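Each chain, written out:
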Amino acid sequence: MRYAATILCFQLAWVAIPTTAQQPDRELLPFTSNGREWGYVDESGNVVIRPHFEAALPFSEGLAAVKQDGKYGYIDSQGSMKIQPRFDRARGFADGVAPVRNGDSWSYVDKNGQVVWKEVFEDAGMFQGELAWVKVGNRYGFIDRAGKQVIAATFDESYSFRDGLAPISVGGKYGFVDRMGKVVVPASYDRVLEFSEGKAAVNQGGHWGYIRTDGALAISARFDSAGSFREGEAHVVTGGRAGHLDSDGTVRFRMVADTPRISYRFESEPSGATIYAVPLLEWQQVIAKGGWTEESLWEYRRGTTAADLDMFDQKYVIILYLKSDPRISVVDIIRNSTNRVFHFVFR
């Protein structure tokens, strides 16, 4: 099942709101202070756009979708409304267009807010590699930048292209197709992550390993969990121990004493909530590449009603995902400096 990346309103009881001037060269992240109004902070946690929106999505290609008076529009990094709110739903820009919904139909608009094609879809994703997934007749396929369906809608699920391949699902199993629609990796895996640096994490029978773009096994399936490769390394867990996996299959473990822990607890327990911890650099890269989905967040999963995070990088963005009301929210940016405990309060 696909979940859209809109924003959940909730409150962090400990947040204080500073005031700063706009710095356009900084990465902006959506946040809330009172569970009702949303704004944007930079990567240091300084308020750049004051909270006054009903919802706020991450920036992409210089614009961000925000909700105002019940409708979505788009602002620039100065907080100015560039596309007036008139959409029921909206996603980020990629290749100069963004998917938007009115009623039950999704279409695409340009940065002037003009609809670019007459075709409408049951659901639609952001472009990646000049193709975007769309839902037609309860099945998923892909369209090109002319809005034409170039890969027929025959899949139960489909996701964005990375390294020339896109994950697809058929009959509850996952594989990969190329840009011509050819099945390169048959749908035989229980779960897959998107390709990165020529490898994709795949799960079969509860164990994770890695395959190459031709479908051949690159690293044997021996991990309890596995993430995508970035700069030659991937985060893996095996036997309760977390470490960094090199591209040749070597795992380097961190000593427990050298790993600060960050703990999260819910004061009131929501249904189906999951906490994710995403390294700040990876967060910025994923925003640049496309929209957030439950699938793209999966590798960063850290727990449900309670979570402990082993800090491997300097900064993490903490994400909350509520499955019963499928939305995504940035809740904090934390540093690898000390042990801390935070509490979520739902309204």
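So, here's what we can say about the structure. (Residues numbered from 1 in each chain as written. Predicted model: local features only at pLDDT ≥ 70, side-chain atom pairs only at ≥ 80, totals over all residues. Heavy atoms only, no water.)

Turning next to the overall build of the chain. Check the secondary structure of the chain and you find two helices and 34 strands. Counting every position in the chain, which comprises 347 residues, the buried fraction comes to 52%. For the chain, contacts bridging at least 24 residues in sequence account for 44% of all contacts bridging at least 6. Roughly 14900 Å² of accessible area belongs to the chain as shown, and the carbon and sulfur atoms make up 46% of that amount. (Helix = DSSP H or I, 4+ residues; strand = E, 2+ residues; numbered from the N terminus. Buried < 20%, exposed > 50% of the residue type's maximum accessible area, 1.4 Å probe, protein only. Contact = heavy atoms within 4.5 Å. Areas by Shrake-Rupley, 256 points an atom, 1.4 Å probe, with all protein chains shown as cover.)

If you walk across this open sheet you meet the four strands as 16-17-18-19, and the pairing is antiparallel. The sheet is open, and its two borders are formed by strand 16 (157-158) and strand 19 (183-189), each paired with just one other strand. Of the pairings in the sheet, the one linking strand 17 (residues 165-170) to strand 18 (residues 173-178) comprises six bridges and is antiparallel in character. Its bridge partner being in strand 18, Pro-167 is matched across the sheet by Phe-176. (Pairing = 2+ DSSP bridges.)

Right, let's get into the environment of Asn-112. As for its position among the elements, Asn-112 is in the loop between strand 11 (105-109) and strand 12 (123-124). With 29 residues separating them in the primary sequence, Asn-112 and Ile-83 have C-alpha atoms 6.6 Å apart.

The tally for this structure, following the rule as stated, stands at ten aromatic pairs. If you follow Lys-111 out to its NZ or CZ, it ends over the ring of Phe-93, 6.0 Å from the centre. (Phe/Tyr/Trp six-rings, centres within 6.5 Å; stacked < 30°, edge-to-face > 60°. Lys NZ or Arg CZ within 6 Å of the ring centre and 35° of its normal.)

Another point: the environment of Pro-30. Among the structural elements, Pro-30 can be located in strand 2 (residues 29-32). For Pro-30, a relative accessible area of 1% gives the class buried.

On to the pairing of strand 11, then. With four of five residues buried, strand 11 is to be regarded as a mostly interior element. Note: strand 10 (residues 98-102) against strand 11, five bridges, orientation antiparallel. Across the sheet, Asn-102 pairs through a bridge with Ser-105, a residue of strand 11. Here strand 10 hands over to strand 11 after two residues, with Gly-103 in that stretch at a positive phi of 65°.

Now for the nonpolar core. Of all hydrophobic cores here, the largest spans 13 residues; its most connected members are Ala-65, Tyr-72, Tyr-74, Phe-87, Ala-90, Phe-93 and Val-100. When near neighbours in sequence (up to four residues on either side) are disregarded, Phe-93 contacts Ser-60, Glu-61, Leu-63, Tyr-74, Ile-83, Ala-98, Val-109, Asp-110, Lys-111 and Met-126. With twelve residues, the next largest nonpolar core counts Val-97, Trp-106, Trp-117 and Val-134 among its residues. (Core = buried A, V, L, I, M, F, W, Y, C linked by side-chain atoms within 4.5 Å.)

Looking now at the environment of Asp-69. By secondary structure assignment, the location of Asp-69 is in the loop between strand 6 (64-68) and strand 7 (71-75). Taking C-alpha positions, Asp-69 is 7.6 Å from Glu-54, a pair spaced 15 residues apart along the chain.

So, about the pairing of strand 10. With two bridges connecting them, strand 9 (residues 89-90) and strand 10 associate as antiparallel partners. Paired with Arg-89 across the strands is Arg-101, a residue of strand 10.

Relative to the helices and strands, Asp-123 is located in strand 12. With a relative accessible area of 11%, Asp-123 lands in the buried category. Looking at Asp-123, its side chain comes within polar contact range of the side chain of Arg-91, at 2.9 Å. (Polar contact = N/O pair within 3.5 Å; in protein donor to acceptor, adjacent residues only side chain to side chain.)

Let's shift gears to the pattern of salt bridges. Taken as a whole, this structure holds nine salt bridges when the rule is applied. Residue Arg-252 is joined to Glu-233 by a salt bridge in which the shortest nitrogen-to-oxygen separation is 2.0 Å. On the criterion of sequence distance, the pair formed by Arg-252 in strand 27 (residues 251-253) and Glu-233 in strand 25 (residues 233-238) is long-range, its members being 19 residues apart. Note on Arg-252: relative accessible area 38%, which makes it partly exposed. Overall, the relative accessible area of 30% leaves Glu-233 in the partly exposed class. Salt-bridge contacts for Asp-246 lead to Arg-252; the nearest nitrogen and oxygen are separated by 3.6 Å. One network of salt bridges, in which partners are shared, links Glu-233, Asp-246 and Arg-252. (Salt bridge = Lys/Arg side-chain N within 4 Å of Asp/Glu carboxyl O.)

Everything listed is a geometric property; what it means functionally is a separate question.
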